[in-house]
Amino acid sequence: MTLQQGLAFGLVILTIVGFVWGRWRYDVIALVALLAGIAIGVVPAKAAFDGFKNDITVIIACALVVSAAFARSGAIEAALRPVIPHLKGPATQVPLFAGAVALLSMVTKNVGALAIMMPIALQVARRTGTPPSRLLMPMSFAALLGGTVTLVGTSPNIIVSQVREQTLGRPFGMYDYAPVGLGVTAIGLVFLAFAYRILPASRPTAETMDAALSGQPYVTEAQVPDDWDPARTTVAKLRRLANGEVSVMAILRHGERIAGPGPNLRIRPGDVLMLEGDQESLDQLISRLKLRLTRSDRSIVTEQPTEEVRIVEAIVGPDSSLVGRTARQADLHASHGLNLLAVSRTGYRIANALRTLRLRAGDVVVLQGGELTLPGALKTLGLLPLAERELRLGDIRHTLVPPAILAAAMLLVAFQVVPVAVAFFGAAVALVAVGAIRMREAYGALDGPLLVLIAALIPVSDAVRATGGSELVAHGLAVLFQGRPAILALAAVMVVALAATPFLNNAATVLIVGPIGASLARQLGLSPDPFLMAVAMGAACDFLTPIGHQCNTLVMAPGGYRFADYPRLGAPLTLVVLVVGTGLIALVWPLKG
């Protein structure tokens, strides 16, 4: 072993120790490792920042933006709406939601797919009394399985493709992973459809910030469009469409107010409905029925052409100038360029029209205004903004545009018209350009720590390959497996990846194990492709801990899971992936080639 190899191995080992110790953030450890690599000379200064312009980083960033736009569109809720009423318990909910997440993970990044489906699943679980602990972990594992099917489904596939390009001169294609990934995913979904019973039936769950903020219902006013069919909906049917989570407090019709309308009262064109419910339920109902908020039609004057219109929540402070005044008296639009969209009042059911409601200290108001105007207006009015969260109420939803743009990107890649990075970059830009996602939301969708981690580790891990360290480790493994069945070496590589990814980030696992797997294959006289596939599969399937992948971390608090719950369901699933995955890889990708 040369000095440079020893330094490269030492740097990687210390980096792994830092990851496993968990004392510092992953991205900080990766940045310190990159700086140390430059300092000791194993990472050339001119190549130190190549990871930030690497296709891997670009593809992952764009996939996150596309996933966020897909979530915002409401397309998945619309597609699942006919079957949701038939989901009475976990026996039907787990297969449907796990299958939906797996399918969605094949076309968007798996963590994005899970984030899209989780609110729907939690809503159904709350309505049917299903413990979230029975539902969320199978969805997380299904997201990881579905991500193994295509290039963009999970980070390991993207990175392994890059390793193959460095090794063989050509990357894996978008659907090269599909034959193995589909088989493993199908078997895994069958396992999850029955094995979810292993999980605890009841656990206290931690409330998210959104859940805490949505505890009190809002009251808003929405007008029925002129093309509304009077025979279409009664008050009772509207409540059913909202799953009982939105109530019609009153109807304003031709200047008259109908308080507490009966369930059989038909809703007519031009009616103004006073609706009460949480923000998410109100937004879904208003978007679905194409209602129009009565005060959002007044244009917002912005200071700059590029300024975005935002919706925020704020508390009326005790010294606010709005206390004791109505929205009409305050004339928020003329004085401050704001529209009052909704009001929430603790312990009191609002039945007055919003324009005549006298505001009190402690009321929570939803305001619409320009992003540059809002801070000053809130301060002037004595309003205290709540913790910032994504808030939509009556916004225009592009239901069909994100799926259409994503499908176009997938087709361009499938027919090799453009590279994957270009296709997904184009999709992300197109979604912003058509307004399917605002630029601020696109920036918010980017997982900064993950992108920094990958970009910093690319040159660090490449130091092992560049110094010949990968060949050295591979030679030792080749001696161990020489003369033994090749499938044992293949299984061993997958075991290494499966064992490493729960404690390292899966991207780090691929960057370290991938080149070793390719070198081992060459020294055994075998094709590198199946070994790289084994690394990708093993690194993508972290079912043993809540920290190895963002999907597992995402469901931990809402599901009330403990560390030991993950291997309870994950250990047998890992064994399934090892056995089925190794066999399928050897069948689809000949070991000798």
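Above this text is the structure in question.
Quick caveat: nothing in here was measured; it's all calculated off a predicted structure.

Student: When you look at a positive patch on the surface in this model, what are you seeing that I'm missing?
Tutor: Among the surface-exposed residues, R81, K237, R240 and R288 lie close enough to one another that they form a single positively charged patch. Along the polypeptide, R288 turns up in helix α12 (residues 279-289).

Student: Where do I start with the packing of helix α5 (residues 90-105) against helix α7 (residues 132-146) in this structure?
Tutor: Relative placement of two packed helices is described by the angle separating their axes and the distance separating the axes. In the contact formed by α5 and α7, the axes pass within 8 Å of each other and the chain directions differ by 30°. One way to sum up the angle between α5 and α7 is to call them roughly parallel. Crossing hand, α5 versus α7: right-handed. Mapping the contact onto sequence places Q93, V94, F97, A98, V101, A102 and S105 in α5 and R134, L135, P138, M139, A142, A143 and G146 in α7. Among the residues forming the contact of α5 with α7, the class breakdown is ten nonpolar, three polar and one charged.

Student: Can you help me understand empty space enclosed by the protein in this one?
Tutor: One way to see where empty space is left: roll a probe the size of a water molecule over the atoms. Within this structure, the stated rule accounts for three cavities of 30 Å³ or more. For the largest cavity, the calculated volume is near 60 Å³. Considering the residues around the largest cavity, the lining is formed by V12, T15, I16, F19, L457, V460, S461, A508, L511 and I512. Of all the secondary structure elements, the ones that give two or more residues to the lining of the largest cavity are α1 (3-21), α19 (448-466) and α22 (506-523). When residues of the lining of the largest cavity are assigned to their parent elements, the largest contribution, four residues, is made by α1. Taken together, the residues of the lining of the largest cavity break down into eight nonpolar, two polar and no charged. In this structure, the second largest cavity spans a volume of roughly 50 Å³. As for the second largest cavity, its lining consists of T148, N157, Y177, V180, G181, M533, A536 and M537. Contributing elements (two or more residues each) for the lining of the second largest cavity: α9 (178-195) and α23 (528-540). When residues of the lining of the second largest cavity are assigned to their parent elements, the largest contribution, three residues, is made by α23. Residues that form the lining of the second largest cavity fall into these classes: five nonpolar, three polar and no charged.

The rules behind the values
- Residues numbered from 1 in each chain as written.
- Predicted model: local features only at pLDDT ≥ 70, side-chain atom pairs only at ≥ 80, totals over all residues.
- Heavy atoms only, no water.
- Patch = residues over 30% accessible without salt bridge, like charges linked within 9 Å, V, L, I, M, F, W, Y side chains within 5 Å.
- Areas by Shrake-Rupley, 256 points an atom, 1.4 Å probe, with all protein chains shown as cover.
- Salt bridge = Lys/Arg side-chain N within 4 Å of Asp/Glu carboxyl O.
- Lys, Arg positive; Asp, Glu negative; His and termini not counted.
- Charge placed at Lys NZ, Arg CZ, Asp CG, Glu CD.
- Helix = DSSP H or I, 4+ residues; strand = E, 2+ residues; numbered from the N terminus.
- Axes fitted to C-alpha atoms, helices over the stretch in contact; angles between N-to-C directions.
- Parallel < 35°, antiparallel > 145°, perpendicular 65-115°, else oblique.
- Left-handed = near helix turned anticlockwise from the far one by under 90°.
- Contact = heavy atoms within 4.5 Å.
- Nonpolar A, V, L, I, M, F, W, Y, C, P; charged D, E, K, R; others polar.
- 1 Å grid on protein atoms, 1.4 Å probe; cavity = no way out; pocket = protein on both sides within 12 Å on 5 of 7 lines; lining within 4 Å.
- Points joined across faces, edges and corners; volume = space filled by probe spheres on them.

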